[in-house]
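Spelled out from the first residue to the last, the chains are:
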Amino acid sequence: MAIRNVRTDDNPVLREVCKEVTEVTNGIRKILDDMLETMYEKDGVGLAAPQIGIPKRMIVVDDREGNVFKLVNPVIIEEDGEQLSVEGCLSVPGFRGRCKRPMTVSLEAINENGEKVSIKAEGFLAVIFCHEIDHLNGILYKDKAVEFERVEDN
Ligand code: ZN
């Protein structure tokens, strides 16, 4: 595994609509492992492939409550309820904000073994999935934040 360089701010790769992964190869598994290692090194709870400069539909998540995911081509198929999140982003360092997010989401994706998986998430985990899947569509949380403020530099 290797720690990758996290792209920030106005880097155009963060605005790309990412391409679907056609096959889960060893190369894809290596990228997922690198994403997870990079996320842990930066003390994040989620990371999307464009954040390390790869415009493909891949995300990793660890909500620090025992739920770890490495997902390819994730799609939200159902959402319900509403919550006001508190979010930051490794690609928008030094800021945090609040967004309106669904309270629960159901998604479908492919795992690192190439198997189709269905996931239901609520609360903080639902926020992370929404945030990371937005990255795959070139959307940053600050675009939809109802509050956005500078915090200490990180
Ligand atoms: Zn982010």
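Residues numbered from 1 in each chain as written. Predicted model: local features only at pLDDT ≥ 70, side-chain atom pairs only at ≥ 80, totals over all residues. Heavy atoms only, no water.

Whenever I open this one, the overall build of the protein chain confuses me. Can you help?
Looking only at helices and strands, one finds 3 helices and 9 strands in the protein chain. Order of helices (α) and strands (β) in the protein chain, N terminus to C terminus: α-β-β-β-β-β-β-β-β-α-α-β. For 154 residues, the compact-globule estimate of 2.2 N^0.38 gives 15 Å, and the C-alpha radius of gyration of the protein chain, at 14 Å, lies within 12% of that figure. Taken along the three principal axes of its C-alpha coordinates, the protein chain extends 40 × 35 × 30 Å. Evaluated residue by residue, the protein chain yields a buried proportion of 45% over its 154 residues. Counting only contacts in the protein chain whose residues sit at least 6 apart along the sequence, the fraction spanning at least 24 positions is 66%. For the protein chain, the accessible area works out to roughly 8000 Å², and carbon and sulfur atoms hold 45% of it. Put simply, the protein chain has 20 plus and 29 minus side-chain charges, and the middle of one group is 4 Å from the middle of the other. (Helix = DSSP H or I, 4+ residues; strand = E, 2+ residues; numbered from the N terminus. Rg over C-alpha atoms; globule rule 2.2 N^0.38 Å. Buried < 20%, exposed > 50% of the residue type's maximum accessible area, 1.4 Å probe, protein only. Contact = heavy atoms within 4.5 Å. Areas by Shrake-Rupley, 256 points an atom, 1.4 Å probe, with all protein chains shown as cover. Lys, Arg positive; Asp, Glu negative; His and termini not counted. Charge placed at Lys NZ, Arg CZ, Asp CG, Glu CD.)

Looking at this structure, I do not really get the nonpolar core. What am I missing?
Ranked by internal contacts, the top residues of the largest apolar core, which has 18 residues, are Ile59, Leu71 and Phe129. Listed by contribution, the elements that provide at least two residues to this core are β2 (58–62), β3 (68–80), β7 (104–110), β8 (116–122) and α2 (124–136). It is α2 that contributes the most residues to this core, 7 residues altogether. With sequence-adjacent residues up to four places away left out, Leu71 is seen in contact with Leu32, Arg57, Met58, Ile59, Leu107, Ala109, Ile110, Val117, Ile119 and Phe129. In terms of nonpolar packing, the next biggest core, distinct from the first, is built from 15 residues, Val21, Leu32, Met39 and Val72 among them. (Core = buried A, V, L, I, M, F, W, Y, C linked by side-chain atoms within 4.5 Å.)

What's the story with the side chain of His131 in this structure? I'm lost.
Residue placement: His131 occurs in helix α2. Here Glu87 takes part through its side chain, which lies 2.8 Å from a polar atom of the side chain of His131. (Polar contact = N/O pair within 3.5 Å; in protein donor to acceptor, adjacent residues only side chain to side chain.)

Hey, could you run me through the coordination of the zinc ion in this one?
Around a metal, the ideal angle is 109.5 degrees if four donors adopt a tetrahedral arrangement and 90 or 180 degrees if six donors adopt an octahedral arrangement. Protein-derived coordination of the zinc ion comes from Cys89 (SG), His131 (NE2) and His135 (NE2), at a distance range of 2.0 to 2.2 Å. Of note, the donors binding the zinc ion are all from one chain and are spaced C-x41-H-x3-H. Residue His131 and its partner His135 are located together in helix α2, separated by 4 residues, close to a single helical turn. His135 matches His131 in its accessibility class, with the two residues each being buried. (Donors = N, O, S within 2.8 Å, 3.2 Å for Na, K, Ca; no water.)

Help me understand the packing of aromatic side chains in this model?
Each aromatic ring pair is summarised here by two numbers: the centre-to-centre distance and the angle between the ring planes. For the structure shown, the criterion picks out 3 aromatic pairs. Measuring from ring centre to ring centre gives 5.2 Å for Phe69 and Phe129, while their planes differ by 65°; the resulting arrangement is edge-to-face. Here Phe69 is found in strand β3, whereas its partner Phe129 is found in helix α2, with 60 residues between them in sequence. By the burial criterion, Phe69 is buried, and Phe129 matches it. (Phe/Tyr/Trp six-rings, centres within 6.5 Å; stacked < 30°, edge-to-face > 60°.)

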